[in-house]
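# Descriptive structure summary
For reference, the chains in residue letters:
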Amino acid sequence: FTTHRAFVAPRPIIVLNAGGFEWEDPVNAFDQGVDNPYKNTDLMTSTDGGLKIDPARLLSPRLNGANLYFIGMMGSGKTSVGEAVARRMGSYTFLDTDAIIEKATKMTIPEIFEAEGEEGFRQVEAQILDSVHPYVRCVISTGGGIVTRMENWSKLQTGLVIWLDVEPEVIIKRIQGTDRPLLQTEDPLKKLKALLEERKPKYKNADIRVKVTEEMDTAAVADQVIYDLHHFIDDNPPAWKLAKAKAQAEGLDWVQ
Ligand SMILES: Nc1ncnc2c1ncn2[C@@H]1O[C@H](COP(=O)(O)OP(=O)(O)O)[C@@H](O)[C@H]1O
Ligand SMILES: O=C(O)C1=C[C@@H](OP(=O)(O)O)[C@@H](O)[C@H](O)C1
């Protein structure tokens, strides 16, 4: 997590060519920096005693442009919570890698799995992450399996990574019967548990782990994420702050 992220310039998105398909340039698959649909004018919310600033609003200046990446199992709430957090932050754009993949390839995720298998899908997913990560001030929800490729971590770690940690028993109630290709098996709960065991060591690399219980609705999870982010930033001050404190402790002049 470094404040220098704010100064990385967006770069053009390459034409994708994965798994034997000529993917269309996904440059139009998201509108970074053009018009942020999540711009929120409710800076102050009214409370009993008067006006209060939403702590989500205060995240943006503290993050200095760094992206927020949501990781976790399918159905853990990355999309719903990511969108809620972006909306409340006001100045961050929400992106979803699965949605960008579908828009760029003009195929649904089940269609990609069908045509190219999981390996083909992972290739496209890695390229989309590569295309998206140079942008700043984004909340990005990812697909559950993005953590499985080592190369993806070099992109994820340019921002702050948040793991929504949800028990498979809770997840299955939410997503049973949906068209997620990896769950088209006899026993989706068993599959989900096996995938979680396999991926847990990777999810644990996240900067922030949010334990989500069944009682927490999307708003409650978003509250927890915002709270944890403030604490993470408190505990990981930018390098210049540490340098300043050290210099001053040694009696050296800071910038005159
Ligand atoms: N905290 C929550 N409580 C109840 N339902 C939730 C919660 N978070 C997400 N959901 C629901 O679970 C389903 C999957 O959520 P989604 O945000 O698409 O997860 P992901 O992006 O991680 O796959 C959606 O129907 C969503 O409305
Ligand atoms: O866990 C996975 O491997 C996958 C999760 C899905 O995304 P969500 O996590 O958004 O459901 C999607 O990328 C694809 O079906 C594979």
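Residues numbered from 1 in each chain as written. Chains lettered and ligands numbered in written order. Predicted model: local features only at pLDDT ≥ 70, side-chain atom pairs only at ≥ 80, totals over all residues. Heavy atoms only, no water.

Per an unreviewed UniProt entry, the chain goes by shikimate kinase and derives from Fistulifera solaris. Listed in UniProt under the heading Sequence similarities (unreviewed entry), the comment for the chain reads: "Belongs to the shikimate kinase family." Its UniProt record gives the chain a comment under Pathway (unreviewed entry), which states: "Metabolic intermediate biosynthesis; chorismate biosynthesis; chorismate from D-erythrose 4-phosphate and phosphoenolpyruvate: step 5/7." (UniProt positions renumbered as here; feature names shortened; annotations may be inferred.)

## A few points about the site of ligand 2
As a matter of local geometry, ligand 2 sits amid 14 residues, with Lys 78, Asp 98, Arg 122, Arg 180 and Arg 199 nearest to it. One of the side-chain nitrogen or oxygen atoms of Asp 98 is found 2.7 Å away from an oxygen atom of ligand 2. The fraction of the free accessible surface of ligand 2 (390 Å²) that becomes covered by protein chains is 95%. The site holding ligand 2 turns out to be the largest pocket. At three residues, the largest contribution of residues to the shell around ligand 2 is made by helix α4 (residues 109-132). Class assignment of the residues belonging to the shell around ligand 2 gives a composition of five nonpolar, four polar and five charged. (Near = heavy atom within 4 Å. Polar contact = N/O pair within 3.5 Å; in protein donor to acceptor, adjacent residues only side chain to side chain. Areas by Shrake-Rupley, 256 points an atom, 1.4 Å probe, with all protein chains shown as cover. 1 Å grid on protein atoms, 1.4 Å probe; cavity = no way out; pocket = protein on both sides within 12 Å on 5 of 7 lines; lining within 4 Å. Sits in = over half its atoms within 2 Å of the grid points. Helix = DSSP H or I, 4+ residues; strand = E, 2+ residues; numbered from the N terminus. Nonpolar A, V, L, I, M, F, W, Y, C, P; charged D, E, K, R; others polar.)

## Remarks on the site of ligand 1
In the vicinity of ligand 1 there are 14 residues, among which Gly 75, Lys 78, Thr 79, Ser 80 and Met 216 approach most closely. Here Ser 80 contributes a side-chain N or O atom positioned 2.5 Å from an oxygen atom of ligand 1. Contacts to ligand 1 include Met 216, whose backbone N or O atom sits 2.9 Å from a nitrogen atom. Look at ligand 1: alone it shows 560 Å² of surface, and the protein chains cover 69% of it. Mapping ligand 1 onto the cavity grids shows that it belongs to the largest pocket. Where the shell around ligand 1 is concerned, the elements lending two or more residues are α2 (78-89) and α8 (218-235). Per element, the largest residue contribution to the shell around ligand 1 is three residues, and it comes from α2. Here the residues of the shell around ligand 1 sort into four nonpolar, six polar and four charged.

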